[in-house]
Amino acid sequence: NIAKEVTLKNKEGALDNAEKRLGKIKEIFAIVAVSPRAAGLEQKKPYIFEASVSGGDIQKQFTHVKELLGKEIKIDQIFETGASVDVAAITKGKGWQGVIQRYGAKKKQHKSRKTVREIGS
């Protein structure tokens, strides 16, 4: 359960206070937490990010986010099939690499002088 993994400070009446200030708000963002185990990843710590809410006016966006607060959301509830999506990813670190691994250069022949795993010319 993601609620056990992520704890946020929530003051009493914070939603009511935010609803009163909707006239001053220009954009609404939702803080989203992805449970890596549910997504089939080996990472243990939940991936937390901000997602912008679009569609309709600010009041509709706020009520939509308020309804979804604390609930599990499936991907097909948000995106349509075939829609273009911006994605972010973390690459696997490979450390300090030489030219063969880093750039995919060919190895020199075994009779070469000194070393085989360097750029020839």
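Residues numbered from 1 in each chain as written. Predicted model: local features only at pLDDT ≥ 70, side-chain atom pairs only at ≥ 80, totals over all residues. Heavy atoms only, no water.

1. Considerations on a nonpolar patch on the surface
Working step 1: Together, Ile73, Ile75, Ile78, Phe79, Val85 and Val87 make up an exposed nonpolar region whose accessible area comes to about 590 Å².
Working step 2: Note on placement: Val85 falls in the loop between α3 (58–68) and α4 (99–103).
Working step 3: You can call Val85 partly exposed: its relative accessible area is 41%. (Patch = residues over 30% accessible without salt bridge, like charges linked within 9 Å, V, L, I, M, F, W, Y side chains within 5 Å. Areas by Shrake-Rupley, 256 points an atom, 1.4 Å probe, with all protein chains shown as cover. Salt bridge = Lys/Arg side-chain N within 4 Å of Asp/Glu carboxyl O. Helix = DSSP H or I, 4+ residues; strand = E, 2+ residues; numbered from the N terminus. Buried < 20%, exposed > 50% of the residue type's maximum accessible area, 1.4 Å probe, protein only.)

2. Regarding the nonpolar core
Working step 1: Within the largest apolar cluster, six residues are counted, these being Leu22, Ile28, Ala30, Val53, Ile58 and Phe62.
Working step 2: Breaking this core down by element, the ones donating at least two residues are β1 (28–34) and α3.
Working step 3: Aside from chain neighbours lying at most four places away, what touches Val53 is Ile28, Ala30, Gln61 and Val65. (Core = buried A, V, L, I, M, F, W, Y, C linked by side-chain atoms within 4.5 Å. Contact = heavy atoms within 4.5 Å.)

3. Overview of the pattern of salt bridges
Working step 1: One pass over the structure, following the stated rule, counts three salt bridges.
Working step 2: With a shortest N-O distance of 3.2 Å, Glu72 and Lys74 are connected by a salt bridge.
Working step 3: Taking the relative accessible area as the measure of exposure, Lys74 reaches 48% and is therefore partly exposed.
Working step 4: A salt bridge links Glu118 to Lys108, with the nearest nitrogen and oxygen atoms 3.1 Å apart. Residue Glu118 is found in the segment after α4, and its partner Lys108 is found in the segment after α4; the two are separated by ten residues along the sequence.

4. Quick look at unusual backbone geometry
For residues besides glycine, phi is generally negative; the peptide bonds are generally trans as well.
Working step 1: The phi angle at Lys114 is positive, at roughly 65°, despite the residue not being glycine.
Working step 2: Residue placement: Lys114 occurs in the segment after α4.

Worth remembering: the numbers are spatial, not functional.
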